[in-house]
Amino acid sequence: PTTIYLQDYKPFGWIIDDVHLTFRLHPTATRVISRIRFRPDYDVTDRPFFLHGEDLKHISAKVDGHDIELRHVDGGIEADVPHAPFNWEAEVEINPEANTALEGLYRSNSMYCTQCEAEGFRKITWYPDRPDVMAQFTVRIESTAEHTPVMLSNGNGLFYQQDQTQPGAPNVSIYQDPWPKPAYLFALVAGDLVAHEDRFATMSGKDVSLAIWVRPGDEHKCAFGMEALKKSMKWDEDVYGREYDLDEFNIVAVDDFNMGAMENKGLNIFNSSCVLASPETSTDGNFERIEAIIAHEYFHNWTGNRITCRDWFQLCLKEGLTVYRDQQFTADMRSAPVARISNVLALRARQFPEDQGPLSHPVRPESFQEINNFYTATVYEKGAEVIGMLKTLVGDANYSKALDLYFERHDGDAATIEDWLQVFEDATGRDLGQFKRWYSQSGTPKVTVSEAWSEDGTLTLTFRQETAPTPGQEQKEPQVIPVNVGLLNPNGDEVMETRTLELTEAEQSFSFSGHSARPVPSILRGFSAPVILEQNMDNARRAFLLAHDTDPFNRWEAGRMLSRDALMSAIIDGAAINSDYLDGLKAVLRDDTLDPAYRALMLGQPTQSELAGLLHQAGHTPDPSRIHTASEAMRDAKATALADLLPTLYHDNQVSGTFSPEAEPAGKRALANAALALISRGDGGTLAAEQYDQADNMTQQLAALSCLLDAGTGAQQLAAFENQWSQDRLVMDKWFSLQIIHANPEDVVETTRRLTHHMDFDWKNPNRFRAVMGALQMHHAGFHHEGGDAYELLADWLIRLDPVNPQTTARMCTAFQTWRRYDAPRQEMISAQLDRIAAQEGLSGDASEMISRIRG
Ligand code: B3K
Ligand code: ZN
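Conventions and cut-offs
- Residues numbered from 1 in each chain as written.
- Chains lettered and ligands numbered in written order.
- Predicted model: local features only at pLDDT ≥ 70, side-chain atom pairs only at ≥ 80, totals over all residues.
- Helix = DSSP H or I, 4+ residues; strand = E, 2+ residues; numbered from the N terminus.
- Rg over C-alpha atoms; globule rule 2.2 N^0.38 Å.
- Buried ≥ 20, exposed ≤ 12 C-beta atoms within 10 Å, placed from the backbone.
- Contact = placed C-beta atoms within 7 Å.
- Axes fitted to C-alpha atoms, helices over the stretch in contact; angles between N-to-C directions.
- Left-handed = near helix turned anticlockwise from the far one by under 90°.
- Nonpolar A, V, L, I, M, F, W, Y, C, P; charged D, E, K, R; others polar.
- Near = placed C-beta within 6 Å.
- Core = buried A, V, L, I, M, F, W, Y, C linked by C-beta atoms within 7 Å.
- Pairing = 2+ DSSP bridges.
- Domains from an automatic or database assignment.
- Arc of directions from axis to C-beta.
- Expected span 1.5 Å × (residues − 1).
- pLDDT = per-residue confidence, 0-100.
- Parallel < 35°, antiparallel > 145°, perpendicular 65-115°, else oblique.

Draft legend 1. Region of the structure containing the overall build of the protein. Counting secondary structure elements, the protein contains 27 helices and 31 strands. Against the 2.2 N^0.38 benchmark of 29 Å for 856 residues, the protein shows a C-alpha radius of gyration of 28 Å, consistent with a compact globule. Overall size of the protein, expressed as C-alpha extent along the three principal axes, is 85 × 65 × 60 Å. In the protein, which comprises 856 residues, the proportion classed as buried is 50%. If you take every contact in the protein between residues at least 6 apart in sequence, the share linking residues at least 24 apart comes to 69%.

Set out below in structure tokens:
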């Protein structure tokens, strides 16, 4: 495998004026004819004419009408072409049916679809498959099969003909995309699809046709996605001034898809799990995620498509910014504090372990073997945090100014992080030299704060920042860390509103004077930087903040720290769960002025894998079984301490009437179901069984079933659920996961194994594979159960999946990224599995890069 370096970037050497593609669709032998107008880029004269191509059956190639010899080189072809404008014409044959990797043109349930990001277009035809080559595409699709009445591509539909008069005459459809784009944004879909249609009038009065295309039978699951799309279009106009730029916008739902969704210009392709929604089949969590993903892909139209990336090292330019934008959108559509807490929970669950383990890499990586392995929580979520910090540092007005300049200056460009930062420097006059380290230094900074009070009324906060070495980076330089701080007086009143302290040195102090009594600082409000904050604080102080902090994030965080410390002492010393936490929690839960969704989050506790990470950081070897026992004890302690309150929370937060997925009713259901989970620990599942019987939506049904499985009494409902939903793939994914998630640690492997023998365990479908193997690795105590059977089982399946679908295999290898946290026997067992995977003959480049990085 070859390693590619950011510093080696060189432009292509030719410019493309336009691209004409003709597809003659056939399940096993699709012909692709390309006609491309190239002209030399006279600034670049030393480059051979190289086009990417993979798994293509070459039929012919011509330059200006004459056959040309191709030299097959690694990853593509070279040819001797005139140093002057010329017309390229080539024909290749590809086999969509055999394409199980789901990259390039493939078939999913007899429909044709594509996935080209990052480097899939080279599996469709010879092409400079790199994001800095942008061109206008015209696409003609022909198909003789009657099961492809709908044929779509990017841009605007120009022509459609379904010829029923002559037998065997092809259906033809022609699309033209007026906006130059890189090949990774190309898409084609053809199949027997039905549309849920709507329209949107843009801010300048342009009328856009919207459609969500699904397989017949799924029409009733489109309405929510369509509303989300229209809200996104409106929001981007209102908040960023960005208008949609084509006559049509299409979304297609596909069952076999390696990730969530893809922002192809004007033709977004979605994993059906990320767009199809109905109250009966989708939980509140599903609705919220669908809304966010539809927004995310739509927002890419400006941040990703109109302005794209020069090369794949710049991936965070579009992903970090687009995640940031979709997070802003969710905060506006729903509750901002709840959204912020959820984002931080996700960051700590996915990005922190990555950044603190062998896969740690900068937000802008400097080398890679397989770019698909870098669609990570670091690039996406930490990338979004970096933008949030930038906004905090420059302020809202300057942020808007900088973004306007970004769109104005770089529209139509393939840009870099340097371009992005330059825009901020030019718009604000600020020097971002040191801030840029957020893009180049990997690892999670640790910020330690200490306090001093002097009787003259001054509180001094001293901060120290430090980042542990990460792979390839021994030495770390101080970063710019915006720390939002507020002060409360001992009565709990705010005496200083939130202000931003800018940490730039390894150690730095800030003083706040004029206080008659020693104030209590609330530090890192809103989680203003993606760091680990170490603050020596006793329980009484945390309880005070839990009761009084005016910053909703830090108020939640105070409760979180109390429960975290209680869990850590329970794990380390076997201590009982302390009452400071339980008393504080009770008071918050009783406060009806607080949003139910927020209170539901308050009832949560750190996950077992988060605790394992914290123990490791604190110099302990995590014992998964002790962690599991303490976590269960914490739930019992809550159930007991809150026993009087839980029935009230449950009953007061029932929602009646027609189901609505809006934030308010969803928040009530979240709180009632969090209460139900604790109630079920004491009543053997009686109330949950009642809820299961009465449930008329998936949120209520699934929450009840989870409680029943936890109580060990759900066998009958589990069977009924399977019976009810056996025809719905997305619901059946939940059925598969649920049994593993709620199994006892010692039964996890057996349960997983049994499910892999189920006739509906279609392991080539990424959703189903993830439903089972993802649940296995997420069950901390089960996955790390002594004996190592789960490690072996997962490795068996990764080995089996790799030749079929390397991308999904490589992603799932991250289950092993935390292996060095654990004791020697577990490390040896995991290491043996990593060796076994690495030793597979023909192991994909995707998986081999991941395994070797994880091994370190
Ligand atoms: N840009 C795509 C991700 C493509 C992943 C390729 N392995 C989805 C998104 O971030 O919107
Ligand atoms: Zn994205």
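On we go from here.
Draft legend 2. Representation of the packing of helix H9 (residues 539-548) against helix H10 (residues 552-573) within the structure. Interhelical geometry of H9 versus H10 gives an angle of 145° and a closest axis separation of 8 Å. In the crossing of H9 with H10, the sense of the turn from one axis to the other is left-handed. Note on element contacts: H10 touches H9 through Asn554, Arg555, Ala558, Gly559, Met561 and Leu562, opposite Asn539, Arg542, Ala543, Leu545 and Leu546. When the residues that make up the contact of H9 with H10 are grouped by side-chain class, the tally is 6 nonpolar, 3 polar and 2 charged.

Draft legend 3. Representation of the site of ligand 1 in the model. Taken together, Glu117, Ala118, Met259, Ala261, Met262, Glu263, His296, Glu297, His300, Glu319, Asn372 and Tyr375 make up all the residues around ligand 1. Counting only elements with at least two residues in the shell around ligand 1, the list comes to strand S20 (261-262) and helix H2 (284-299). The residue makeup of the shell around ligand 1, split by class, is 5 nonpolar, 3 polar and 4 charged.

Draft legend 4. Representation of the nonpolar core in the model. With 232 residues, the main nonpolar core has Val189, Val252, Ile269 and Cys813 as its most contacted residues. No other element matches helix H16 (residues 663-683), which puts 11 residues into this core. Residue contacts for Ile269: discarding those within four places in its chain leaves Cys113, Gln115, Ala187, Val189, Val252, Val254, Ala261, Met262 and Asn264.

Draft legend 5. Quick look at the sheet that holds strand S21 (residues 267-271). The strand order across the open sheet built from 5 strands is S17-S18-S19-S21-S20, with neighbouring strands paired in mixed fashion. This sheet does not close on itself; its edge strands, each paired only once, are strand S17 (194-201) and S20.

Draft legend 6. Region of interest: unusual backbone geometry. In this chain, Glu117 is followed by Ala118 through a cis amide linkage whose omega measures 0°. Looking at where Ala118 falls in the secondary structure, it is placed in the loop between strand S11 (111-115) and strand S12 (135-143). Unlike most non-glycine residues, Ser110 shows phi in positive territory, near 60°. In this structure, Ser110 sits in the loop between strand S10 (104-108) and S11.

Draft legend 7. Summary view of the pairing of strand S5 (residues 57-63). Pairing of S5 with strand S9 (residues 86-94), which is carried by 6 bridges, proceeds in the antiparallel orientation. Each residue of the ladder has a partner; that of Val63, found in S9, is Trp88. Where S5 and strand S6 (residues 66-67) come together, 2 bridges link them in antiparallel fashion. Among the inter-strand pairings, Lys62 is bridged to a residue of S6, identified as Asp67. Here S5 folds back onto S6, and the loop between the two strands holds 2 residues, one of which, Asp64, carries a positive phi near 50°.

Draft legend 8. Layout of the domain arrangement of the protein. Here the protein is described as being made up of domain 1 (4-192), domain 2 (308-440), domain 3 (446-529) and domain 4 (726-856). Each of domain 1 and domain 4 was reduced to a C-alpha centroid, and the two centroids are 35 Å apart. Across the contact, 4 residues belong to domain 1 and 5 residues belong to domain 4. Each residue belonging to the side of domain 1 that touches domain 4 can be placed in one class, and the counts come to 2 nonpolar, 1 polar and 1 charged.

Draft legend 9. Region of the structure containing the environment of Ser513. Within the secondary structure, Ser513 sits in the loop between strand S29 (507-512) and strand S30 (520-523). Sequence spacing of Ser513 and Gly457 is 56 residues, and the spatial spacing of their C-alpha atoms is 5.5 Å. The residues contacting Ser513, other than those within four sequence positions of it, are Gly457 and Thr458.

Draft legend 10. Representation of the sheet that holds strand S15 (residues 171-181) within the structure. In spatial order, the strands read S6-S5-S9-S3-S2-S12-S15-S14; together these 8 strands make up an open sheet with mixed pairing. Looking at the sheet topology across the chains shown, the edges are occupied by S6 and strand S14 (156-161).

Draft legend 11. Here's a closer look at helix H21 (residues 748-756). The complete set of buried residues in H21 reads Val748, Val749, Thr751, Thr752 and Leu755. The buried residues of H21 occupy one face: seen down the axis, they fall within an arc of 165°. Those residues of H21 that are buried are in contact with helix H20 (729-741), helix H22 (766-778), helix H23 (780-783) and helix H24 (789-801).

Draft legend 12. Geometry of helix H14 (residues 624-641). With 18 residues, H14 extends 26 Å from end C-alpha to end C-alpha; this agrees with the ideal 26 Å at 1.5 Å per step. Among the residues making up H14, those that are buried are Pro624, Ile627, His628, Ala630, Ser631 and Lys638. Packing partners of the buried residues in H14 comprise H10, helix H11 (579-590), helix H13 (608-617), H16 and H23.

Draft legend 13. Geometry of the pairing of strand S28 (residues 494-503). As paired elements, strand S27 (residues 481-488) and S28 share 7 bridges and run antiparallel to each other. The residue bridging Val485 from the neighbouring strand is Arg499, located in S28. Counting the residues between successive antiparallel strands, the hairpin from S27 to S28 contains 5 residues, one of them, Gly492, with a positive phi of roughly 95°.

Draft legend 14. Inspection of the confidence of the model for the protein at higher detail. Summary statistics for the protein give a mean pLDDT of 97 and a share of 100% for residues scoring 70 or more. Here the complex is predicted with pTM 0.99, and the ipTM for its interfaces comes to 0.99.

Draft legend 15. Structural detail: the packing of H14 against H16. Between H14 and H16, whose axes approach to 9 Å, the crossing angle comes to 90°. Relative to H16, the element H14 lies roughly perpendicular. Here Arg635, Asp636, Lys638 and Ala639 of H14 come into contact with H16, specifically with Leu678, Arg681 and Gly682. Class assignment of the residues belonging to the contact of H14 with H16 gives a composition of 2 nonpolar, 1 polar and 4 charged.

Draft legend 16. Expanded view of the environment of Arg31. Tracing the chain through its elements places Arg31 in strand S3 (residues 30-40). Sequence separation between Arg31 and Gly584 is 553 residues, and the spatial gap between their C-alpha atoms is 67 Å. Apart from the residues lying within four places of it in its own chain, the contact partners of Arg31 are Arg24, Glu91 and Glu93.

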